[in-house]
Amino acid sequence: MMDNIHKSTSITGVKISYYFICHTKLWLFSHNIQLEKENENVQIGKDLNETSYVRDKKDITIDQTISVDFIEKSKNGEKLILHEIKKSNKMEEAHQWQMMYYLYYFKEKGIEAEGELNYPLINKKEKVILTEKDRNRIQEIINDIFKIIEGKLPSPKKKTICSKCAYFEFCFGDDL
Ligand code: SF4
């Protein structure tokens, strides 16, 4: 188990979510080709985070790996509820697995937690719970991510989200 936590220290929540969005993006981001700051969508997400929820504990970073928007205690005080604030639910699967990874990471540290995805613009909340099956899947995903990162740049494949991606010109600049 310690091997997994040790190995997963360089796997951030963003990388988990990129694994579900695009392997090319995952590879570029992991190789420090990071253009996301220039992306308007990311800025909108950050603005949302700053304006929609005002809590005591915000942007909690653990081991410089996990960055949770805010954390609160469950009503009975027995576990933590980790919150992530998202702009839209178009990438719901990626959001769910990112949260699942946070729950996995907390569990590896012996901390019981549940997750909640918050979509304030569409007034939606989604509860996320980590099962034993999910924990095994997370371990597979981590191994897979290492294989992708250590390999060659995966060829870009055009999809709907590409036009809004910060790497669009990098991937398809010649096609413009
Ligand atoms: S532009 Fe498309 S293929 Fe390229 S990294 Fe972004 S999502 Fe992936």
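Our structure's up above, just so we're on the same page.
Okay, so let's go over this structure. All values reported here derive from a predicted model rather than from experimental measurement.

In terms of regular secondary structure, the chain is built from 7 helices and 6 strands. Evaluated residue by residue, the chain yields a buried proportion of 43% over its 176 residues. In the chain, the share of contacts with a sequence separation of at least 24, taken over all contacts with a separation of at least 6, comes to 62%. Total accessible area on the chain stands at roughly 10500 Å², and carbon and sulfur atoms take up 49% of it.

Bringing the site of the ligand into the picture now. Surrounding the ligand, one finds Cys22, Lys25, Pro156, Lys157, Lys159, Ile161, Cys162, Cys165, Tyr167, Phe168, Cys171 and Phe172. Per element, the largest residue contribution to the shell around the ligand is 3 residues, and it comes from helix α7 (residues 168–172). Of the residues in the shell around the ligand, the class split is 9 nonpolar, no polar and 3 charged.

Another point: the packing of aromatic side chains. Aromatic ring pairs: the centre-centre distance and the angle between the two ring planes describe each pair. Under the definition given, this model contains 6 aromatic pairs. With centroids separated by 5.7 Å and ring planes inclined at 10°, the aromatic side chains of phenylalanine 20 and tryptophan 97 adopt a geometry described as stacked. Placement of the pair is phenylalanine 20 in helix α2 (residues 13–21) and tryptophan 97 in helix α5 (residues 92–108), with a sequence separation of 77 residues. Ring pairs connect the aromatic residues Tyr19, Phe20 and Trp97, which therefore count as one cluster. Sitting above the plane of the phenylalanine 172 ring, lysine 158 keeps its charged end 4.9 Å from the centroid.

On to helix α3 (residues 23–30), then. The buried count for α3 comes to 7 of 8 residues, which makes it a mostly enclosed element. Positive backbone phi, at 60°, marks asparagine 32, one or two positions downstream of α3.

A separate point is the environment of asparagine 76. Secondary-structure assignment places asparagine 76 in the loop between β3 (70–73) and β4 (80–85). Within the local environment of asparagine 76, its side chain forms a polar contact with the side chain of serine 74, the two groups lying 2.8 Å apart. There is a polar contact of 2.9 Å between the side chain of asparagine 76 and the backbone nitrogen of glutamate 78.

As summarised here, the arrangement of the 4 strands in space is β3-β4-β5-β6, forming an open sheet in which the pairing is mixed. Each having just a single partner strand, β3 and β6 (124–128) make up the two edges of the open sheet. Taken over all neighbouring pairs, the strand axes of this sheet differ in orientation by 25° on average, direction set aside. On the sheet, α5 packs against β3, β4, β5 (113–119) and β6 and is oriented at approximately 155° with respect to β5.

Note: β5 against β6, 5 bridges, orientation antiparallel. Within β6, the residue paired with leucine 117 across the bridge is glutamate 126. Taking the residues that link successive antiparallel strands as the turn, the β5-β6 hairpin has 4 residues, and the phi of asparagine 123 there is positive, at about 55°.

At asparagine 32, a position not held by glycine, the phi torsion is positive, near 60°. The residue asparagine 32 is located in the loop between α3 and α4 (40–52) in this model. Under the relative-accessibility criterion, asparagine 32 is labelled exposed at 63%. The phi torsion at glutamine 64 lies on the positive side, around 55°, for a residue other than glycine. With respect to the helices and strands, the residue glutamine 64 is situated in the loop between β1 (60–62) and β2 (66–68). Residue class for glutamine 64 comes out exposed when judged on its relative accessible area of 75%.

Parameters and conventions
- Residues numbered from 1 in each chain as written.
- Predicted model: local features only at pLDDT ≥ 70, side-chain atom pairs only at ≥ 80, totals over all residues.
- Heavy atoms only, no water.
- Helix = DSSP H or I, 4+ residues; strand = E, 2+ residues; numbered from the N terminus.
- Buried < 20%, exposed > 50% of the residue type's maximum accessible area, 1.4 Å probe, protein only.
- Contact = heavy atoms within 4.5 Å.
- Areas by Shrake-Rupley, 256 points an atom, 1.4 Å probe, with all protein chains shown as cover.
- Near = heavy atom within 4 Å.
- Nonpolar A, V, L, I, M, F, W, Y, C, P; charged D, E, K, R; others polar.
- Phe/Tyr/Trp six-rings, centres within 6.5 Å; stacked < 30°, edge-to-face > 60°.
- Lys NZ or Arg CZ within 6 Å of the ring centre and 35° of its normal.
- Polar contact = N/O pair within 3.5 Å; in protein donor to acceptor, adjacent residues only side chain to side chain.
- Pairing = 2+ DSSP bridges.
- Axes fitted to C-alpha atoms, helices over the stretch in contact; angles between N-to-C directions.

None of this, on its own, says anything about what the molecule does.
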